[in-house]
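Geometric and topological summary
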Amino acid sequence: MSTKTLSTQSKEIVKASAPVLKEHGEKVTRIFYKNMFEAHPELLNIFNETHQRKGDQPQALANTLFAAAVHIDRLEELLPAVKQIAHKHRSLNVKPEHYPIVGKYLLEAMREVLGDSPEVEEVIAAWGEAYGIIADIFISVEEDMYKEAEAPSGGWRGFREFTLYKKKPESSVITSFYLKPADGKDIPPFHPGQYISVQVQPENSQYKQMRQYSLSDAPGKDYLRISVKKEESSGVHPDGTVSNYLHEELQEGDPVLLTAPAGDFMLNERSDRPVVFISGGVGMTPLMSMFNQLTGTGSEREITYLHGAKTPAEHAFHTHLGEEAERMGNVQYAVCYEEGNNKNKDRFVKGTGFIDRTFLEENITHSDADIYLCGPGPFMKAVYGMLKEMGVSENQIHFEFFSPGGTLQ
């Protein structure tokens, strides 16, 4: 934590501003991003433009500001959230010199929304003091993470060039990309469940584009694997800039810039409890890394993998999961397809429609299991709610949102 302390007066002003931020926070952050990018377009090389257009990033920042206001006199309670955000920042190669820029435009956006008066200037001054302390915390935590990332053999800070050596379709919409270091040196160990950032610049993009993708295979290989869903674009939200580039333009032998593995969603390998993986769609990618680590090391834990997909054609890794279930007596596997009637009599298909409570109760046989959950937001909220109704405690459920600011509440 920062060694600086916030004055008592500033603490009270920041805390008193919490209701205002709750009401106007997203407007503040939208103005902040707009003005900052106009003045510093080079930052578009870091920020995900899709999250900006959809409103995910402004909403996430608004929520963070509100939380900071509420907890300003006990910032240690924010440390878990700080570390989660810091992992993202480290993966995006955010640097200390970016923080003063953010602070300047954030305070200006507050002033623009709240108006111009002596009372507002008091609020801006207090938030300026608070922002400096919060920024110092992030900078310190992130520097520790940069050092940790470059410490092991093969570790690195910033970007490192890899080469795409294999491109393998896994389903009608998901393709795996196998990446090896261009310098031929080691790949550092990582925790199953972590992600990397990929930086590319498609021909139709004015700026470099960065996206974070979960590593979809176990550590200890001579490659890093990501498995990417090709996102359909639309006129309203032109998603898929990077996923379409990877699927359509990136060829075997091409270079790709990566940051080192990051993230705090990871398999607890010290636990000996049964483990249940529940995924929806491409949300299976971090869980595949965890699953492959357990099966690849011959774990004796009881392993259950439950997956929901729209159709069999869109379902990746089905053959691999089925083969592991056949090979290992401690692996159970069950699938639920939103569409399809299991005409091929696949024994692992045990549900139709969306995953529901009946499907969960029939296939989760251990009440003390560690449960790992990942998928689209609505899917995760629904499954999380059903698990809670079944009596599963919150500390048993571990989850990852791909979009910023996700919540299961």
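Residues numbered from 1 in each chain as written. Predicted model: local features only at pLDDT ≥ 70, side-chain atom pairs only at ≥ 80, totals over all residues. Heavy atoms only, no water.

Moving on to the sheet that holds strand β10 (residues 349-352). Judged by pairing direction, the sheet is parallel, and its six strands sit side by side in the order β10-β9-β8-β7-β11-β12 without closing on themselves. Each having just a single partner strand, β10 and β12 (397-400) make up the two edges of the open sheet. This sheet shows a mean twist of 15 degrees between the axes of neighbouring strands, independent of strand direction. Taken together, the four bridges between strand β11 (residues 370-374) and β12 define a ladder with parallel strand orientation. Within β12, the position partnered with Leu373 by the bridge is Phe399. Packing against the sheet, helix α9 (residues 284-296) makes contact with β7 (275-280), β8 (303-309), β9 (331-337) and β11, and its axis sits at approximately 150 degrees to β7. (Pairing = 2+ DSSP bridges. Helix = DSSP H or I, 4+ residues; strand = E, 2+ residues; numbered from the N terminus. Axes fitted to C-alpha atoms, helices over the stretch in contact; angles between N-to-C directions. Contact = heavy atoms within 4.5 Å.)

Another point: the pattern of salt bridges. Evaluation of the coordinates by the stated rule reveals 16 salt bridges. Between Arg357 and Glu361 there is a salt bridge, with the nearest N and O atoms lying 2.8 Å from each other. Here Arg357 pairs with Glu361, and both are found in helix α11 (residues 357-363), just four residues apart, close to one helical turn. Note on Arg357: relative accessible area 31%, which makes it partly exposed. Taking relative accessible area as the criterion, Glu361 reaches 41% and is therefore assigned partly exposed. Here Arg357 and Glu389 are joined by a salt bridge, their closest N and O atoms 3.5 Å apart. Placement of the pair is Arg357 in helix α11 and Glu389 in helix α12 (residues 377-389), with a sequence separation of 32 residues. Judged by relative accessible area, which is 53%, Glu389 ranks as exposed. Linked by salt bridges that have partners in common, Glu143, Glu150 and Arg157 make up one network. (Salt bridge = Lys/Arg side-chain N within 4 Å of Asp/Glu carboxyl O. Buried < 20%, exposed > 50% of the residue type's maximum accessible area, 1.4 Å probe, protein only.)

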